[in-house]
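Summary of the model geometry
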Amino acid sequence: MWGGSYFVKQPGVSSHEKPTQKGVMPQLPAYVRMLPLAKRQKRRPWRSRREAAWRNLKRLFWGETHVTSRLDTTALKNLDRAHHLHPFTDFQDYAHQGGRIISRAEHVYIYDSDGNKIQDGMSGLWCCNLGYSQNSIKEAVAAQLNELPFYNNFFKCSNQPAVELASALCKVSPAGFNHVFFTNSGSEANDTQIKLVHRYFDLLGKPNKKLIISRKNAYHGSTIAAGSLGGMSAMHEQTMGLNYIHHINQPHWFELGGDLDEHAFGIKAAQELADKIDELGEDKVAAFIAEPIQGAGGVIVPPESYWPEVKRILEERDILFISDEVICGFGRTGEWFGCETYGTTPDLITFAKAVTNGYMPLGGSLVGDKVADVLLSGGGEFAHGLTYSGHPASCAAGLATLAIYEHTDILTVTREQLAPHFQASLEQLIDHPVVGQVRCKGLVAAVELVKDKASRERLAPQSAGAVYCRDQAIGDGLMVRQTGDAMIMAPPFVTELDEIDTLVAKLTVALDKTGAHFGVS
Ligand SMILES: Cc1ncc(COP(=O)(O)O)c(C=O)c1O
């Protein structure tokens, strides 16, 4: 809050420049830090009551937001372009055009440093499922930093939040999951899964079982191993993938279904798994990895026939199943985990993102008893770990997040009220001239854009239709993403029903503008 902030005049900022920073104590010179607050405030003549009131007024009426920086927006944007290499970004393009500085967030809204208020239809990056105003998580992290800011979990050491979170996660996981290995991210968690799977079969005396089957257009992260697991062709073009990972087609009926109905296509797509196992040899294949719903690949909600058939195929074979729940976990599809929504029975579960509501980096592998029993009874060191595996502050965030899920009715309300309303509202868009398909499960959805509904012809080459639509939506204050020709959404669970209506209304306006722009009406 403004009242409690330390507004620091920074070295190098002349006294007539606006001091935009909400600074922090350690940035003050030592001699100032030791003074009581009242005296310090006297030493900052620019922070007069009038000025503070003026800033508050501007913020209230014109939406001006403060940035946690000593610099104003223009200076920040310039430094960003000059020094900051952004993930999954065209560096050359960004260095010329720059981007948007997000300066604060509240409830389901993000605010940029130019004063724009944007409704977040993506939960950050599929992670802030409970929105941005969960004080108990913020306070738990702060308290943990005061108590024990860091200690590692190597060398027979542990810390209280890591212990408690491991146990809490096992309680909310499907039956038969009683062990957790912590990482910082979903990518690292999937790297860990590969090592766990390989170790499992080594200990069983089956060292030839090393191959992993994944799916085209899947996203499992961006380290070398996780990127290889993923099926994003653009990523494979830039990095030599691992040769023990193989890919089958995704269950994307709209893209690949041709003349088959959805049910028949789902069975066919699942059958590709059986065919691939036969081709590679069951004695060589260790695991199949898949997201319950492919998220980053375009929210590919599979046909209802797909997962039961995959389950049947896996049960008949000696192959482990890794369910990558980095997006689907923690209620996104209506149940705690996507595998529960679809009735699959994984041996390993990958989690990240919403486990801390996105407030702190944390991921991990949930290890089912079948695998854990072998790993534990086999003995020998598991040669894998990260400095921050089980970081106390991240785990404190995880515990506080799980407490919200457990002690409120957020999951029930999401499943029984919010998600059905979201789905029903979006499904009405099927009559829109540029909409070819609406896919929705729980609170994750995609709206596929087309020029011609019957032939499923795309609206414009190179996803230009969806890119245009996304830009219109963001310009109108709605943060949605585009993947290929689909608009994708994953709103926070704390979004109110009328805010869902606003989301769909803004998306509709963006679709209208897109139709007009590309001459489809
Ligand atoms: C299904 C899935 N797995 C793994 C990852 C990678 O997670 P991270 O970005 O935390 O490394 C993602 C990220 O979006 C994801 O969607």
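Predicted model only: the values in this text are computed from it and were never measured.

The full set close to the ligand counts 15 residues, and Ser-185, Gly-186, Ser-187, Gly-221 and Val-326 are the nearest of them. The element that contributes the greatest number of residues to the shell around the ligand is helix H9 (residues 186–203), accounting for 3 residues. Split into classes, the residues belonging to the shell around the ligand amount to 5 nonpolar, 8 polar and 2 charged.

Moving on, we get to the packing of H9 against helix H16 (residues 369–378). Two elements in contact, H9 and H16, have axes whose closest approach is 9 Å; the angle formed by their N-to-C orientations is 65°. H16 is crossed by H9, and the crossing has left-handed handedness. Counting all contacts with H9, which are made through Leu-196, Arg-199, Tyr-200 and Leu-203, the residues of H16 involved are Val-371, Val-374, Leu-375 and Gly-378. A class-by-class count of the residues in the contact of H9 with H16 yields 6 nonpolar, 1 polar and 1 charged.

The subject of this paragraph is helix H20 (residues 497–517). Between the first and last C-alpha of H20 there are 30 Å, a value that for 21 residues agrees with the 30 Å anticipated at 1.5 Å per step. If you check which residues of H20 are buried, you get Ile-500, Leu-503, Val-504, Lys-506, Leu-507, Ala-510, Leu-511, Thr-514 and Gly-515. Looking one or two places after H20, you find Gly-519, whose phi comes out positive at around 70°.

A few words on the sheet that holds strand E1 (residues 102–106). In space, the 4 strands of this open sheet follow the order E1-E2-E3-E14, with mixed pairing throughout. Because the sheet does not close on itself, it has two edges, and the strands there are E1 and strand E14 (478–479). For strand E3 (residues 117–120) and E14, the ladder comprises 2 bridges, and the chain directions are parallel. In the sheet register, Asp-120 faces E14, and the bridge partner there is Met-479.

So, about the sheet that holds strand E6 (residues 245–248). Overall, mixed pairing links the 7 strands, which are arranged E4-E10-E9-E8-E7-E5-E6 in an open sheet. Each of the sheet's edge strands pairs with one partner strand only, and the pair in question is strand E4 (177–183) and E6. The sheet shows a mean angle of 25° between the axes of neighbouring strands, taken without regard to direction. Direction of pairing for strand E9 (residues 348–351) relative to strand E10 (residues 363–368): antiparallel, over a ladder of 4 bridges. By the bridge assignment for E10, Phe-351 is matched with Gly-364. Of the strands in this sheet, E4 and E10 touch helix H8 (residues 160–172), which is tilted by about 135° from E4. With respect to the sheet, H9 is in contact with E4, strand E5 (211–215), strand E7 (285–290), strand E8 (320–324), E9 and E10, its orientation differing from that of E10 by roughly 30°.

This part covers the environment of Ala-383. Inspection of the secondary structure assignment puts Ala-383 in the loop between H16 and helix H17 (392–407). The spacing of Ala-383 and Arg-199 is 184 residues in sequence and 9.6 Å in space, taken between C-alpha atoms.

Where burial is concerned, most of E10 is hidden: 6 out of the 6 residues are buried. Neither face of E10 is left uncovered, since the one carrying Gly-363, Ser-365 and Val-367 and the one carrying Gly-364, Leu-366 and Gly-368 both have all their residues buried. Two strands pair when backbone bridges link them, and E4 and E10 are joined in this way by 6 bridges, in the antiparallel orientation. When the bridges of E10 are listed, His-179 appears paired with Val-367.

What counts and what doesn't
Residues numbered from 1 in each chain as written. Predicted model: local features only at pLDDT ≥ 70, side-chain atom pairs only at ≥ 80, totals over all residues. Near = placed C-beta within 6 Å. Helix = DSSP H or I, 4+ residues; strand = E, 2+ residues; numbered from the N terminus. Nonpolar A, V, L, I, M, F, W, Y, C, P; charged D, E, K, R; others polar. Axes fitted to C-alpha atoms, helices over the stretch in contact; angles between N-to-C directions. Left-handed = near helix turned anticlockwise from the far one by under 90°. Contact = placed C-beta atoms within 7 Å. Expected span 1.5 Å × (residues − 1). Buried ≥ 20, exposed ≤ 12 C-beta atoms within 10 Å, placed from the backbone. Pairing = 2+ DSSP bridges.

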